[in-house]
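Coordinate inspection notes
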Amino acid sequence: MQLLENLKWRYATKKFDPNKKVPTKDIAKLKEVIRLSASSYGLQMYKVLIIEDQKLKEKLKPVSWNQNQITDASHLFVFCSYTSVSEAYIKEHMSLIADTQSKNIQDLQGYGDFVLTKLSEKSSAEQQTWLEKQTYLAMSNLLAACAELKIDACPMEGFEVDKYNEILGLTEKGLSVSLIAPIGYRAKDDYAQFSLKVRKPVEKLFELL
């Protein structure tokens with residue numbers, strides 16, 4: 001199983017080589033991997049910004065705990081979840097299902113109402129948590145795909161959400177940053193690549209019932 005070898009190869013890269021850029025064709029593959037990620041009800045209630053503009057990365061670095069990965073990486077993937085669940089979004093998704101699967105939109109009315117009802121039952125805080133969780137599913141696929149392509153990545157939660165939202169103009173779009181992931185290629189002197197991967201042994205992590 002090549003995936004296992006790929007996952008053994010990857011690590012949270014601490015130092016990127018700023019002179020190496022990820023090819024456009026590989027960025028396209030990563031976008032498709034994220035697009036195909038699992039999502040509750042298939043809604044994909046998030047957007048992913050892919051930042052390669054160096055000036056913008058420099059602007060984001062101070063609000064990312066001054067971590068060098070932000071500016072040294074080839075691209076910065078910014079996962080943004082919607083801040084609330086809207087009826088309009090649900091209807092738009094039902095229309096997408098109808099168009100993609102050649103179904104009658106009226107036949108999806110019951111399902112759309114069900115989804116909206118279940119999500120509306122959540123409090124605002126519960127909705128926000130649920131929405132943010134969706135981006136973690138997409139991020140997981142990004143990391144696995146990067147490993148297969150031998151692209152380094154570093155999932156990060158160390159940043160100021162409000163500042164990111166302000167700099168990227170997300171609040172007015174009903175979005176908020178939940179995760180970021182700089183990607184690129186490890187520097188030859190990145191100390192982290194030489195450390196053994198630390199994970200729980202199988203017998204402690206799993207329990208068969």
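Structure's up top.
Presented here is an overview of the structure given in this document. (Residues numbered from 1 in each chain as written. Predicted model: local features only at pLDDT ≥ 70, side-chain atom pairs only at ≥ 80, totals over all residues. Heavy atoms only, no water.)

1. Looking at the environment of G42
Using the following cut-off: The helix count covers DSSP runs of H or I at least four residues long, the strand count covers runs of E at least two residues long, and both are numbered beginning at the N terminus.
Tracing the backbone through its elements, the reader meets G42 in the loop between α2 (24-35) and β1 (46-51). Sequence spacing of G42 and K14 is 28 residues, and the spatial spacing of their C-alpha atoms is 33 Å.

2. Focus on the nonpolar core
Keep this limit in mind: Buried Ala, Val, Leu, Ile, Met, Phe, Trp, Tyr and Cys residues that are joined via side-chain atoms within 4.5 Å together make up what is termed a nonpolar core. Buried residues are those whose accessible area, probed at 1.4 Å on protein chains only, stays under 20% of the maximum for their type, while exposed residues exceed 50% and partly exposed ones sit between those limits. Contacts are residue-level and defined by heavy atoms, with any inter-residue pair within 4.5 Å sufficient.
If you look at the biggest cluster of nonpolar residues, it comprises 33 residues, and the most contacted ones within it are V78, Y164 and I180. Those elements that provide at least two residues to this core are β2 (75-82), α5 (87-101), α6 (109-120), α7 (124-148) and β4 (175-184). Per element, the largest residue contribution to this core is five residues, and it comes from α5. Those residues within four positions of I180 in sequence are excluded, and the remaining contacts are I70, L76, F77, V78, M139, C154, P155, M156, F159 and Y164. Of all hydrophobic cores here, the second largest spans 19 residues; its members include V22, I27, A145 and A181.

3. Comments concerning the sheet that holds β4
By way of backbone hydrogen bonds, the strands of a sheet pair with one another, either parallel or antiparallel. Inclusion rule: Being paired, for any two strands, means DSSP has found at least two bridges between them.
Reading across from one edge, β1-β2-β4-β3 is the order of the four strands in this open sheet, with antiparallel pairing throughout. The open sheet has two edge strands with one neighbour each: β1 and β3 (152-153). Here β2 runs beside β4; their pairing, made up of eight bridges, is antiparallel. Paired with Y82 across the two strands is L175, which belongs to β4.

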